[in-house]
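# Fold and contact review
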Amino acid sequence: MVDEFEHICTRKANVPGLVVMKDVTIAKSEFVEGEKAVTKLQDFQEDPELFRYCTLPQILKYVECFTGPNIMAMHTMLINKPPDTGKKTSRHPMHQDLHYFPFRPADRIVCSWTAMEKVHRENGCLVVLPGSHRGTLQEHDYPEWEGGVNKMYHGVRNYDPGHPRVHLEMEKGDTVFFHPLLIHGSGMNQTEGFRKAISCHYASSDCYYIDVKGTTQENIGNEVKELASRKYGVDDTVSFQDTWALRGRLVKGDRTSL
């Protein structure tokens, strides 16, 4: 999978629908001299090698405990956290994944997150607030960070900074599964290497879409629609929900609703 990531970075692989994200402050890539660093690949569902992760029986046997037998892969990411430039932009603000999802119920959604190499506090491991998944979806927006914030890196507006935290230090291949209401983020990468992980958000295909207008999710819904309009030239008839329906892929059972 690392080889496939490198092929994408060097443009030897062209994957339909793939979103390549770059850090706001980095102008030199790990693989391509003179190019901005690729910090994240999103929506790799059309890449057979990377999508193989989402279909692994070792992963799905745990996912099914949350989703039931009808399993959709809704959101895919390969994260390549870069060495921080000193602007602290390699951080990811504390957030809840449900903020990005216009489908429910939350209890039938789960993320699998797998370390592709050793992950520790120095290179920016995941940080979670235990028990926060029992709460409600909070208001999110871009944090006001001096060094800038990467696109789509929304954070919880008001959370208790005194809440106990757990740093998830992991060995290569270790996997964590977590609820979409869990408040989590990651710190700066203070090493000279890139920190890689791969993840997939799964949902039961029995889940249903909701209208986010007038809710705390309206801002992300509008942002995604604007991005889709610029990238694909689609008009206003394509909704936030449509963008998710197009990306979702059945991995087990039947596609009933999503």
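Residues numbered from 1 in each chain as written. Predicted model: local features only at pLDDT ≥ 70, side-chain atom pairs only at ≥ 80, totals over all residues. Heavy atoms only, no water.

### A few points about the overall build of the protein chain
Short version of the rule: Secondary structure follows DSSP: runs of H or I at least 4 residues long count as helices, runs of E at least 2 residues long count as strands, and numbering of each begins at the N terminus. Only protein chains enter the accessibility calculation, which uses a 1.4 Å probe; a residue is then buried when its area is under 20% of its type maximum, exposed when over 50%, and partly exposed in between. Here, residues are in contact when the closest pair of their heavy atoms is within 4.5 Å. Residue-level accessible areas treat just the shown protein chains as cover; the underlying method is Shrake-Rupley with a 1.4 Å probe.
The helix and strand inventory of the protein chain stands at 5 helices and 15 strands. Per-residue burial for the protein chain yields a buried fraction of 50% across its 258 residues. For the protein chain, restricting intrachain contacts to residue pairs at least 6 apart in sequence, the fraction spanning at least 24 positions comes to 82%. Summing over all exposed atoms, the protein chain offers an accessible surface of approximately 12400 Å²; the carbon and sulfur share of this is 49%.

### So, the pairing of strand β11 (residues 175-178)
How we decide: Any two strands between which DSSP finds at least two bridges are classified as paired.
Because side chains alternate across β11, one face comprises the buried residues Val 176 and Phe 178, and the other comprises Thr 175 and Phe 177, none of which is buried. As judged from the 4 bridges shared by strand β6 (residues 109-115) and β11, these two strands associate in the antiparallel manner. Paired with Trp 113 across the two strands is Val 176, which belongs to β11.

### Side note on the nonpolar core
Cut-off, in case you're wondering: Nine residue types can take part in a nonpolar core, namely buried Ala, Val, Leu, Ile, Met, Phe, Trp, Tyr and Cys, and a core is a set of them joined through side-chain atoms within 4.5 Å.
Residues Leu 41, Phe 44, Cys 54, Ala 73, Leu 78, Tyr 202 and Val 251 are the most contacted members of the largest nonpolar core, which totals 24 residues. Residue assignment for this core shows that the elements contributing at least two residues are α1 (2-9), β2 (38-42), α2 (48-51), α3 (57-67), β3 (71-81) and β13 (195-204). Filtering out sequence-adjacent residues up to four positions away, Val 251 remains in contact with Phe 51, Cys 54, Thr 55, Leu 60, Ile 71, Ala 73 and Tyr 202. In this structure, Tyr 100, Met 152, Ala 203 and Leu 258 belong to the second largest nonpolar core, which totals 21 residues.

### Focus on α1
What counts here: Our arc is simply the arc of the directions from the helix axis toward the C-beta atoms.
Buried within α1 we find Glu 4, Phe 5, Ile 8 and Cys 9. Buried residues along α1 cover an arc of 140° about the axis, so they all sit on one side.

### Points about the sheet that holds strand β12 (residues 184-186)
Under the convention used in this document: Axis definition: a line fitted to C-alpha atoms, limited for helices to the stretch in contact. Angles are taken between N-to-C directions and run from 0 to 180 degrees.
As summarised here, the arrangement of the 4 strands in space is β4-β12-β7-β10, forming an open sheet in which the pairing is antiparallel. Every interior strand has two partners, whereas the edge strands, β4 (92-95) and β10 (166-168), have only one. Ignoring which end each strand starts from, the neighbouring axes of this sheet average 25° apart. Of the strand pairs in this sheet, strand β7 (residues 126-128) and β12 are connected by 3 bridges, and their pairing is antiparallel. What sits directly across from Val 127, in β12, is Gly 185.

### Section: α3
One full turn of an α-helix is made of 3.6 residues, so residues set three or four places apart face in the same direction. For α3, the set of buried residues is Ile 59, Leu 60, Val 63 and Thr 67. With its buried residues spanning 85° around the axis, α3 presents them on a single face. The exposed residues of α3 that point more than 90 degrees off its buried face are Pro 57, Gln 58, Lys 61 and Cys 65. Residues of α3 that are buried sit in contact with β3, β6, β11, β13 and β15 (249-252). Positioned one or two residues after α3, Gly 68 has a phi angle of 90°, which is positive.

### Remarks on the pattern of salt bridges
Put simply, the rule reads: Definition used for salt bridges: Asp or Glu carboxyl oxygen within 4 Å of a side-chain nitrogen of Lys or Arg.
Scanning the entire structure with this criterion turns up 7 salt bridges. With a shortest N-O distance of 2.7 Å, Glu 171 and Lys 118 are connected by a salt bridge. On the criterion of sequence distance, the pair formed by Glu 171 in the loop between β10 and β11 and Lys 118 in the loop between β6 and β7 is long-range, its members being 53 residues apart. What makes Glu 171 partly exposed here is its relative accessible area of 44%. A relative accessible area of 44% places Lys 118 in the partly exposed class. By sharing partners, the salt bridges in this structure join Glu 139, Asp 141 and Arg 157 into a single network.

### Examining the packing of aromatic side chains
As a reminder of what qualifies: Between 30 and 60 degrees the pair is tilted, below 30 it is stacked and above 60 it is edge-to-face, where a pair is any two Phe, Tyr or Trp rings, Trp via its six-membered ring, whose centres lie within 6.5 Å. Criterion for a charge above a ring: Lys NZ or Arg CZ within 6 Å of the ring centre, and within 35 degrees of the ring normal.
Evaluation of the coordinates by the stated rule reveals 5 aromatic pairs. Ring geometry for Phe 101 and Phe 103: centres 5.1 Å apart, planes at 10°, overall stacked. On the numbers, 6.2 Å between centres and 90° between planes, the contact of Phe 103 with Tyr 209 is edge-to-face. One end of the pair, Phe 103, is in strand β5 (residues 103-104); the other, Tyr 209, is in strand β14 (residues 208-209), with 106 residues separating them in the sequence. With a relative accessible area of 25%, Tyr 209 lands in the partly exposed category. Taken together through their ring pairs, the aromatic side chains of Phe 101, Phe 103, Tyr 209 and Trp 244 make up a single cluster. The side chain of Arg 247 reaches across the aromatic face of Trp 244, ending 3.9 Å from its centre.

### Digging into unusual backbone geometry
Omega for the peptide link from Arg 104 to Pro 105 comes to 5°, which places this bond in the cis form. Positive phi, close to 65°, is recorded for Asp 43, a residue that is not glycine. Within the secondary structure layout, Asp 43 lies in the loop between β2 and α2. A relative accessible area of 5% means that Asp 43 is categorised as buried.

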